[in-house]
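# Structure at a glance
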Amino acid sequence: MSDIFGTPRPRPEPTPGGVDRRRKVLVPTLITLAALLFLGSIFTTVWTDRLWFASVDYSGVFTTIILNRVGLFVVFGLFFGLVVAANAWLAYRLRPDSVPMRRDDPAFRYQQTLDPVKRAALVVLALVLTVFAGSVASSRWEAFQMWRNGTAFGEKDAHFGKDIGFFVFDLPWFNFLSSFLFALVVVAVLVTVFVHYVFGGIRFAGRGPKFSRAAQVHVAVLVGFGVLLRAFGYWLGRYNLAVGDSGLFSGIGFTDANARIPAANILIGVAIVCALLFFASAFVKSWVLPGVGLGLLLLTSVLIGGVWPYVMQSFQVRPSEPDKEGPYIARNIEATREAYDIADVETEDYTATTTLTPQELNASAESRVSTRLLDPTLISPAFEQLQQVRGYYTVPETLDVDRYKLGDDETPQDVIIAARELFLNGLQDSQRNWANDHTVYTHGYGIIAARGNQRGAQGEPVWVQKDIPPVGEIETEVPPRIYFGENSPSYSIVGRPDGADPIEVDIPRGGSGGDDGAENATQNTYDGEGGVPVGSLFRKALYAFKFAEPNIVLSNRVNENSKILYDRHPRDRVEKVAPWLTVDGDTYPAVVDGRVVWIVDAYTTSNSYPYSERRSLRTATDDTLTQGSAQAALPTDNVNYMRNSVKAVVDAYDGSVKLYQWDAQDPVLKTWMKVFPGVVEPKSEISQGLLEHLRYPVDLFKVQRNVLERYHVTDAQTFYEDGERWRVPEDPATPSGQTRAQQPPYFLTTTRPGTENPAFSLTSVYLPNSRQNLAAFMSVNSEATSDDYGTMQILQLPSDTQVPGPSQIANQFSSDRGVTQALLQFRQSDATVLNGNLLTLPVGDAMLYVQPVYIRRQASEGTYPVLQFVAASFGEEVGFGQNLDEALRVALGLEAGTVPDPDEEQAGGGGDAGGDTATEGKTTQEYLEDASAAYSAAQTALEEGDLAEYQRRIDQMNAAVQDAQDALGDQ
C-alpha cells in the first residue's frame with residue numbers, strides 16, 4: 001500500500017510468534033470444520049432416510065434399524081471401552097509406590113510423557129475403542145435380531161440332534177460374542193501390561209520379567225478369562241464343523257466326528273482347568289501352575305487338536321475314503337438339496353429321439369409347443385424405434401416376458417413387455433439444464449407389449465399395447481405414468497403452487513417447441529402419494545446438502561407444495577424397506593388391475609445351514625445377461641440356504657412398496673416378520689390379478705441349476721466318484737466382443753412329457769462335464785396360479801445318447817447349406833444377421849431346437865432387427881422358414897401344409913428333398929444343368945418368400961452337384 005504521496009510503505013515482517021498464533025487458530029478451525037461436515041453428513045443421511053421411510057409408510061423399519069444399531073453401538077462400544085479403560089486405571093492404581101528407574105529406560109520415558117496427560121490419554125483411549133467396537137457391533141444388528149427372534153425349523157441336525165434353527169439363528173451371534181469378548185480380553189491384557197510396565201509393576205531384568213504381586217494377580221485374572229473364552233470357542237467350534245467345508249464336501253466328515261469333535265471336548269476341559277490355575281495364582285505367589293496349565297493347553301491343542309485328526313485322515317480315512325465318508329456325503333447331499341429347495345426335483349429318464357415322423361409333428365408340434373420366437377435381448381431396438389415416440393423415452397436393452405389374457409382368449413399368452421421410461425440423455429444439449437432435468441422431464445409413460453410367438457408381415461412385432469395415449473388389448477388406467485422405474489432420474493421435484501400452470505412434460509404431441517420441450521407436449525402436475533414434501537426452508541437445505549445442489553434452495557420451482565422423488569429404482573426401494581432380503585436381479589413391469597407396477601422377487605438366505613454346500617450368489621447367477629447391463633448381478637455373498645419367501649410390488653406411479661409372504665413355511669422369513677411386525681403382508685392378500693403375473697424367480701433358478709450340476713446325484717458313491725457332474729453350456733448367441741458366459745434360462749410356454757396342457761415354464765439345459773452333447777433338460781412350472789407352481793423336473797438323457805447340445809446345434813445352423821444360401825443375400829448386402837436365443841424343447845419323444853434369426857439393415861439411421869426367419873432342428877436335419885411350422889416341415893423334407901400317409905412310400909427314400917433329381921444315366925454336363933436350373937428356381941422362390949420351396953430347390957441343387965462329381969469320378 002502507498003501513502004498519500006505515492007511512496008510505498010514497507011510491509012512489516014511477520015514474526016515467528018504470529019505464524020504460531022495463526023497455526024494455532026487454523027488447525028483447530030480446520031478440525032472443527034471437518035468434524036462439522038462429517039456430523040452434518042451423518043445427520044443429513046439419517047434425517048432424509050427418516051423422511052423417505054415415512055413417505056412409503058415404513059417408519060417402523062427405520063426406527064427398528066436405528067434403535068438396534070445405536071443400541072448395539074452404545075452397549076458394546078461402552079462395554080469395550082470402559083472395560084479396557086477400567087483395567088488401565090486399575091493398573092495405574094496398583095502401581096508400586098516407588099521404583100528406581102534409569103533415565104535411559106524406555107519405561108521412564110513413557111512415564112514422563114504420559115504423566116502430564118494420563119487422564120486425557122485414558123479418555124481418548126476409551127473413546128477410540130468405544131467407537132471402533134461400537135461400529136463393529138452395530139454392523140451385526142441382523143445377527144442379533146435373528147438370535148433374539150429365531151424360529152425353530154422343526155428339524156434336527158444329523159450329528160448333534162440340535163434344531164437347525166440353532167445353527168441358522170444362534171450360532172452366528174454366539175460366534176460374534178466369542179470373537180468380540182476374546183478381542184476385548186486381548187486388548188485389555190495388552191493395555192494392562194503396558195501400564196504396569198510404564199509405572200513399574202512389571203520390570204525386565206535378569207532372565208525374564210518380574211511382576212509385582214498386584215500386577216501378577218491382575219494379569220493372571222485377565223488371562224484366565226481369556227482361557228475361559230477359549231473354552232467357549234472350542235465348544236462353538238464343534239458346531240461350526242457342521243457348517244464348515246472340508247474340501248470334499250460341506251459339513252461334518254468322518255475325521256470331524258471321530259477326532260476333531262472328541263478333541264474339542266477334551267480341550268474344553270483342559271482350558272477350564274487352565275483358567276482355574278490362572279485364577280488360583282491370585283492366592284499362590286507363582287507363575288508355575290498357570291504356566292503348566294497353559295503349556296498343557298498348547299500341547300493338547302497341538303497333539304489332540306492337530307496331530308490326531310491328521311493321522312486319522314491320512315492313515316484311516318484316505319485309504320478307504322469312499323467307504324468312510326459315504327454316510328457323511330449322504331448327509332451333505334440331503335441337506336444341500338433341502339437347503340436350496342430342490343429335494344423334490346423330479347428326475348426322469350428321457351430317451352430323446354432326434355427325429356419326428358410327419359404324423360408326430362402334425363399331432364404334437366402345434367398342440368404341445370407354443371414357442372416364444374421374439375428374443376427379449378434383440379427386440380429392444382424395434383420397441384424403441386417403433387414405439388419410442390420421442391427421444392426422451394427409452395426401453396431396457398433386454399425386455400421381459402410375461403403372460404396376459406388377450407382379447408376373448410382365456411388362455412394366457414406369452415407377451416414381451418417393457419415400460420416406456422424417461423431417458424434424459426435423449427434430450428438435445430440445449431435442453432439439458434437443472435430445471436429441465438429435475439422439474440420438467442420427470443416421468444415415463446405407459447407400457448409397450450407384443451405377442452411373443454408372432455411376427456408381422458415384415459418381421460416387426462405384433463403389438464398388443466402401443467402408442468401414447470395407450471391403445472391395445474391390455475387395459476390400463478389412464479394415464480399410466482411411470483414416475484418410479486429402472487431408468488428414472490436420480491431425483492425429480494414435482495408439485496406446483498395452488499393455481500400455477502403445470503410444467504411437467506406429459507403426453508407428446510406434434511409441432512415444435514422451445515428448449516424445455518413444453519410447447520410440443522401437454523403438461524401435468526404430479527398428484528400421487530409418493531415423494532417427500534420439501535416445501536420448508538429446512539428441508540430444502542437438507543436436500544440441497546444431500547444432492548450437492550444449491551438450486552433446490554434457490555429455485556422458485558421448489559415451492560410449498562413440492563415433493564422430491566428419489567431412490568426410484570424398484571430394486572433399491574425394496575432393498576431399502578427390507579434390507580434383510582436379497583433382491584432378484586430381474587425386475588419386470590406388469591399391468592395389475594389396470595395399474596403399472598414393478599414385480600420384484602426377494603430371497604431370504606443364510607450361510608449357516610448345517611451340512612449344506614455353499615455357493616457364491618454372484619458366481620452361480622453369472623451369465624450373458626448379467627455380464628452386460630441387461631440384468632443386475634447379485635452380491636458376492638456366500639450362502640447355503642435360499643428361499644423365494646417374498647414377492648414385492650412397487651407401484652410405478654406413487655412408488656408405494658408392498659411385501660407379500662410367498663413361502664409361508666420359511667423359518668427365516670418368520671423370524672424377520674417377528675423383528676418387523678406388519679411389514680410383510682400375508683399371502684392371502686395377493687390379489688388374483690397380481691397372482692396371474694407372478695412367476696418363478698430367475699436368480700433362484702440359476703442358483704438351483706448351479707447346485708444341481710453336481711447334486712442331481714443322490715447316491716453317495718456316485719457323488720464321490722464325480723463322474724456324473726453336469727455343467728450349464730456357454731451361450732452360443734453371445735454377442736460379438738463379449739466374453740463367453742453361461743446360457744441364461746428362458747421363459748417358455750411348453751408341455752412337459754406326461755402332461756396334456758402347456759404351462760409357462762423357466763427352462764435350461766445341461767451338458768456332461770467334458771462333452772458338448774445334451775445331458776439333461778431342466779424346467780420349473782412358473783405359473784403362480786397353478787397347483788404345480790415351483791414343481792421342478794429334470795429330463796435326463798442316457799449317457800449313450802448323442803443328442804447334440806446348443807453349441808453343436810448352433811454350428812449346424814451356421815453351416816447348413818440351405819441356411820447359408822438363404823442368408824447369403826443379406827450378408828452380401830448392408831445387413832447384419834443376428835441369431836436369437838437358442839431354445840431347447842422336449843416335444844413328444846423328441847428334442848427340438850428352435851432359434852429365431854433377425855436381420856438388421858445398416859444403411860440408415862433408425863434401423864432395428866426384424867424377425868425374418870426361424871431355424872429348427874431334430875438332430876442332423878435342419879429346417880429354415882419364415883415361421884416355426886414352416887421350419888419344422890422343411891426339416892422333415894415336407895412341403896408346407898402337407899402330411900403324407902405313413903404307409904405311403906416316399907420317393908427317393910422317405911421324402912428326401914433331393915431324391916427326384918437323382919436319376920441314372922445322365923452325363924456330368926446334364927447334372928450340372930440340373931443344378932443350375934434348381935439354383936434358378938431356388939432364387940425365384942426366395943424372392944417370392946417361399947422358403948419351403950427354396951429349401952427344396954437348394955437340396956436338389958446340392959444333390960445334382962454331388963451326382964455330377966460322382967459321374968465325373970466314374971469317367
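Use the structure listed above.
Every chain is numbered on its own, with residues counted from 1 as its sequence reads. At least 70 in pLDDT is required for a residue's local features to be given in this predicted model, at least 80 for side-chain atom pairs to be given and counted, and no such filter applies to totals for whole chains, interfaces and linings, which use all residues. Hydrogens and water molecules were not included; the side-chain quantities draw on all heavy atoms of the structure.

## Brief notes about the overall build of the protein
Test applied: Every helix listed is a DSSP run of H or I at least four residues long, and every strand listed is a run of E at least two residues long, numbered separately from the N terminus. Type-normalised accessible area, obtained with a 1.4 Å probe on protein chains alone, sets the label of each residue: buried when under 20%, exposed when over 50%, and partly exposed for intermediate values. Contact criterion: two residues are considered in contact whenever any of their non-hydrogen atoms come within 4.5 Å of each other. Every accessible area reported is derived by Shrake-Rupley at a probe size of 1.4 Å, with residue values counting cover from the shown protein chains alone.
Counting its secondary structure elements, the protein contains 28 helices and 36 strands. Here the protein holds 971 residues, and the buried ones make up 51% of them. Put simply, of all contacts in the protein between residues at least 6 apart along the chain, 69% involve residues at least 24 apart. As presented, the protein carries roughly 43900 Å² of accessible surface, and 53% of it is formed by carbon and sulfur atoms.

## Topic: the side chain of Thr-863
Note the following rule: Here a polar contact is taken to be a pair of N or O atoms separated by no more than 3.5 Å, where protein atoms must pair a possible hydrogen donor with a possible acceptor and residues adjacent in sequence count only if both atoms sit in side chains.
Following the sequence through the fold, Thr-863 ends up in the loop between strand E34 (846-857) and strand E35 (866-874). Separated by 2.8 Å, the side chain of Thr-863 and the backbone oxygen of Arg-857 make a polar contact. Not counting the four nearest positions on each side in its chain, Thr-863 is found in contact with Gln-385, Arg-856 and Arg-857.

## Examining the sheet that holds strand E7 (residues 413-419)
Strand pairing in a sheet takes place through backbone hydrogen bonds and is either antiparallel or parallel in direction. Stated precisely, the cut-off is as follows: One bridge is not enough; two strands pair if DSSP finds at least two bridges between them.
Spatial ordering of the open sheet is given by E6-E7-E10-E11-E12, a layout of 5 strands whose pairing is antiparallel. Of all the strands in the sheet, the pair left with one neighbour each is strand E6 (400-404) and strand E12 (471-472). In this sheet, E7 lies alongside E6 in antiparallel orientation, the contact comprising 5 bridges. Paired with Asp-400 across the bridge in E7 is Ile-417.

## Some thoughts on the pairing of strand E33 (residues 839-843)
Of all 5 residues making up E33, 5 are buried, and the element is well covered by its neighbours. Of the two faces of E33, the one carrying Leu-839, Leu-841 and Val-843 and the one carrying Thr-840 and Pro-842 are both buried. Taken together, the 5 bridges between E33 and E34 define a ladder with antiparallel strand orientation. If you follow Val-843 over to E34, its bridge partner there is Ala-846.

## Points about the sheet that holds strand E14 (residues 491-494)
Read across the open sheet, the 3 strands follow the order E14-E18-E17; overall the sheet is antiparallel. Both outer strands of the open sheet, E14 and strand E17 (532-533), are each paired with one neighbouring strand and no more. Summarising the sheet, E14 and strand E18 (residues 563-566) pair through 4 bridges and their orientation is antiparallel. Across the sheet, residue Tyr-491 finds its bridge partner in E18, namely Tyr-566.

## Considering helix H9 (residues 288-317)
Put simply, the rule reads: Multiply 1.5 Å by the residue count of a helix minus one, and that product is the helix's expected span. We define the bend at any residue as the angle between the axes fitted to the seven residues before and including it, ending there, and the seven starting there.
For H9, with 30 residues, the first-to-last C-alpha span of 40 Å sits near the 44 Å given by 1.5 Å per residue. Where H9 bends most, the angle comes to about 30°, and this point is Val-307, followed within four residues by the proline Pro-309. Residues of H9 that are buried: Pro-290, Gly-293, Leu-297, Thr-300, Pro-309, Met-312, Gln-313, Ser-314 and Val-317. The secondary structure elements touched by the buried residues of H9 are helix H7 (213-240), helix H8 (254-280) and helix H10 (321-339).

## Structural notes on a negative patch on the surface
Stated formally: Like charges are joined within 9 Å and nonpolar side chains (Val, Leu, Ile, Met, Phe, Trp, Tyr) within 5 Å, but only among residues with over 30% relative accessible area and no salt bridge; these make up the patches. Each salt bridge in this description consists of a side-chain nitrogen of Lys or Arg and a carboxyl oxygen of Asp or Glu lying within 4 Å of one another. Charge assignment in this entry is limited to Lys and Arg as positive and Asp and Glu as negative, and neither His nor the chain termini are counted. Where a charge lies is defined by one atom per residue type, namely NZ (Lys), CZ (Arg), CG (Asp) and CD (Glu).
Together, Asp-341, Asp-344, Glu-346, Glu-348, Asp-349, Asp-787 and Asp-788 make up a negatively charged patch on the protein surface. With respect to the helices and strands, Asp-341 occurs in the loop between H10 and strand E3 (346-349).

## Points about the environment of Ala-335
Looking at the element boundaries, Ala-335 is found in helix H10. Along the backbone, Ala-335 and Ala-158 are 177 residues apart, and their C-alpha atoms lie at a distance of 9.6 Å. When neighbours within four sequence positions are excluded, Ala-335 is seen to be in contact with Tyr-609, Pro-610, Tyr-611 and Ser-612.

## As for the nonpolar core
Note the threshold: The definition of a nonpolar core used throughout is a set of buried Ala, Val, Leu, Ile, Met, Phe, Trp, Tyr and Cys residues joined through side-chain atoms within 4.5 Å.
Counting residues in hydrophobic clusters, the biggest one holds 212 residues, and the most contacted among them are Tyr-58, Phe-383, Leu-659, Phe-676, Met-792 and Leu-823. Of all the elements, helix H6 (residues 164-198) adds the most residues to this core, at 16 residues. Contacts of Leu-659, omitting those with residues within four sequence positions, involve Tyr-58, Val-574, Val-577, Ala-578, Val-646, Lys-647, Ala-648, Val-679, Val-680 and Glu-681.

## Here's the deal with helix H21 (residues 698-711)
Taking 1.5 Å per residue, 14 residues should reach 20 Å; H21 reaches 19 Å between its end C-alpha atoms and fits that length. The buried fraction of H21 amounts to 14 of the 14 residues, a majority that puts the element mostly inside the structure.

## Thoughts on the packing of aromatic side chains
Rules: Two rings belonging to Phe, Tyr or Trp (six-membered ring only in the last case) form a pair when the distance between their centres is within 6.5 Å. Interplanar angles under 30 degrees mark stacking, angles over 60 mark edge-to-face geometry, and anything in between is tilted.
Considering all chains together, one arrives at 50 aromatic pairs under this definition. Judged by centre distance (4.9 Å) and plane angle (70°), the ring pair of Phe-166 and Tyr-239 falls under edge-to-face. On the criterion of sequence distance, the pair formed by Phe-166 in helix H6 and Tyr-239 in helix H7 is long-range, its members being 73 residues apart. Neither residue differs from the other here; Phe-166 and Tyr-239 are each classed as buried. Plain terms: the ring middles of Phe-254 and Tyr-328 are 6.4 Å apart, the flat faces sit at 85° to each other, and that makes the pair edge-to-face. Pair noted here: Phe-254 is in helix H8 and Tyr-328 is in helix H10, with a separation of 74 residues, a long-range link. Taken together, the ring pairs connect Phe-76, Phe-80, Phe-144, Trp-147, Trp-173, Phe-176 and Phe-180 into an aromatic cluster.

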